[in-house]
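Structural characterization, general
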Amino acid sequence: MVSISSAKGKKLSSNTLSPSLILCVISIGIILTPICHVILIARHLSTSDNASGVGSIRAQQDNNPQQQPYDGIFVISLQGTPNADPHNEGRLDSFKDAWRKHCGADPEIHVCPGVMDERRGYGLTRSWFNCLTVAKNLKLEVTMIFEDDARLFDNEASHNFCDAEQRRRNLWNPLPEDTFIAFLGGHTWTYKDPKQKELLASSASALQPSQYLETSSSYGTYGFAVPRQSLDTLLNTIKSDLTNGFIDEDGVRQTEFLSPEKSWYGKAREVGSKIYAIHPLAVWHEGGFSNTWKMDRESITGEEEDEGEGGIRGIAE
């Protein structure tokens, strides 16, 4: 029989302990054991020099209190790309200079090296895929994509783009929740409700929160914004275009060239999202050599349609 020695050296048989007392002792052990483990682990992490430990991560956060950026500016450029057309030299520098002149500060941008591809639309589309993949990994809430020949309009409303907090407050907070893509510039617009644009134009004022007009078609991808919830769908759409081509307005699959706007508008309708144009438009397309069309093109503001019926007629000042 198992016995327990008393303080006076006498032995007490185990059957002298009541079952309830034994149960109580066991319960206390069960409760205290994990608590002790937690305390020991916490003490270890707080003193550990291991770079992968929680204590080290917290220390890094304390030393770098800067918050995760809400948005990001990505600029696609062939400047410096081997075998690119010589017209591309200095274009990224020109983008930065124009932004600096408008905003009074250097732009905080991610440069996306342009991709060379002789097929019309394929090089730019491949560049978008690379840019948006980086943006997804950065967990940005809004990703802005510009071509290096995009320019901010010389008006007060475009100053919203100069400051991160101002962008969040005046550009992204008003962005509709069902946005697939928000075009920041473009041309040959077909608005869902043309009368809405007239109403917004009469009430617009500098630096107020931007407004958005739903569009059913447009051209020009030199400036657009993608909310985080659309990134995966847009990446898959771009990947499909690169692999399979796109379906044109006649239902014919085209693989010799790409027209990404058609795929994007079609995908937005398919998933129940909408494409919007910021109002007033934020960027215009500076004239010069077009890598897409292999020729010089005039500047395009996207506001030329206000001057009459039809397509692009004006030239940016």
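Just so we're clear, the structure is a prediction, and the values are computed from it rather than from any experiment. (Residues numbered from 1 in each chain as written. Predicted model: local features only at pLDDT ≥ 70, side-chain atom pairs only at ≥ 80, totals over all residues. Heavy atoms only, no water.)

**Digging into the packing of helix H7 (residues 231–244) against helix H8 (residues 260–271)**
Packing of H7 against H8 leaves a shortest axis separation of 10 Å and a crossing angle of 135°. The angle between the axes of H7 and H8 places the two elements in the oblique class. Judged by the twist between their axes, the crossing of H7 over H8 is right-handed. Along its contact with H7, which presents Thr233, Leu234, Thr237, Ile238 and Asp241, the element H8 presents Pro260, Ser263, Trp264, Lys267 and Val271. Partitioned by chemical class, the residues of the contact of H7 with H8 number 5 nonpolar, 3 polar and 2 charged. (Axes fitted to C-alpha atoms, helices over the stretch in contact; angles between N-to-C directions. Helix = DSSP H or I, 4+ residues; strand = E, 2+ residues; numbered from the N terminus. Parallel < 35°, antiparallel > 145°, perpendicular 65-115°, else oblique. Left-handed = near helix turned anticlockwise from the far one by under 90°. Contact = heavy atoms within 4.5 Å. Nonpolar A, V, L, I, M, F, W, Y, C, P; charged D, E, K, R; others polar.)

**A few points about the pairing of strand S10 (residues 223–227)**
The buried fraction of S10 amounts to 5 of the 5 residues, a majority that puts the element mostly inside the structure. The alternating pattern of S10 places Gly223, Ala225 and Pro227 and Phe224 and Val226 on opposite faces, both of which are buried. Where strand S5 (residues 142–147) and S10 come together, 5 bridges link them in antiparallel fashion. Along S10, the bridge assignment pairs Phe146 with Gly223. Sheet topology note: the strand S7 (residues 179–183)/S10 ladder contains 2 bridges and is antiparallel. Residue pairing across strands places Phe183 opposite Phe224, the latter belonging to S10. (Buried < 20%, exposed > 50% of the residue type's maximum accessible area, 1.4 Å probe, protein only. Pairing = 2+ DSSP bridges.)

**A short note on the environment of Asp71**
With respect to the element layout, Asp71 can be found in strand S3 (residues 71–77). Those residues in contact with Asp71, other than ones at most four positions away along the chain, are Leu140, Val142, Met144, Arg167 and Trp172. Among the polar contacts made by the side chain of Asp71, one reaches the side chain of Arg167 at a distance of 2.7 Å. Here Trp172 takes part through its side chain, which lies 2.8 Å from a polar atom of the side chain of Asp71. (Polar contact = N/O pair within 3.5 Å; in protein donor to acceptor, adjacent residues only side chain to side chain.)

**Some thoughts on unusual backbone geometry**
Pro280 follows His279 through a cis peptide bond whose omega is 0°. If you trace the backbone, Pro280 turns up in the loop between strand S13 (274–279) and strand S14 (283–285). Unlike most non-glycine residues, Asn83 shows phi in positive territory, near 70°. Position of Asn83 among the secondary structure elements: in the loop between S3 and helix H3 (91–103). Its relative accessible area of 74% is what places Asn83 among the exposed residues. The phi torsion at Lys139 lies on the positive side, around 60°, for a residue other than glycine. Relative to the assigned elements, Lys139 resides in the loop between helix H4 (122–138) and S5.

**Digging into the state of the cysteines**
Per the stated rule, a full pass over the model turns up 2 disulfides. Bridging Cys112 to Cys131, the disulfide has an S-S length of 1.8 Å. Highlighted residues: Cys112 in strand S4 (residues 109–113) and Cys131 in helix H4, separated in sequence by 19 residues. For Cys131, a relative accessible area of 1% corresponds to the buried category. (Disulfide = S-S within 2.5 Å.)

**Observations regarding H4**
For H4, built from 17 residues, the straight-helix expectation of 24 Å at 1.5 Å per residue is met to within 8% by its first-to-last C-alpha distance of 25 Å. Within H4 the residues assigned to the buried category are Tyr122, Gly123, Thr125, Ser127, Trp128, Cys131, Leu132 and Ala135. Following H4 by one or two positions, Lys139 adopts a phi angle in the positive range, close to 60°. (Expected span 1.5 Å × (residues − 1).)

**Thoughts on the side chain of Thr81**
Residue placement: Thr81 occurs in the loop between S3 and H3. Given a relative accessible area of 16%, Thr81 falls into the buried group. Discounting chain neighbours no more than four positions away, the residues touching Thr81 are Gly114 and Met116.

**Let's talk about the sheet that holds strand S8 (residues 187–191)**
Read from one edge to the other, the open sheet built from 8 strands follows the order S4-S3-S5-S10-S7-S13-S9-S8, with strand pairing classed as mixed. The open sheet is flanked by S4 and S8, the only strands paired with a single partner. Taking the axes of each pair of neighbouring strands and ignoring which way they run, one obtains an average angle of 35° across the sheet. Pairing between S3 and S5: 6 bridges, direction parallel. Looking across to S5, one finds that Val75 is bridged to Phe146.

The values reported here are purely geometric and, on their own, carry no functional implication.
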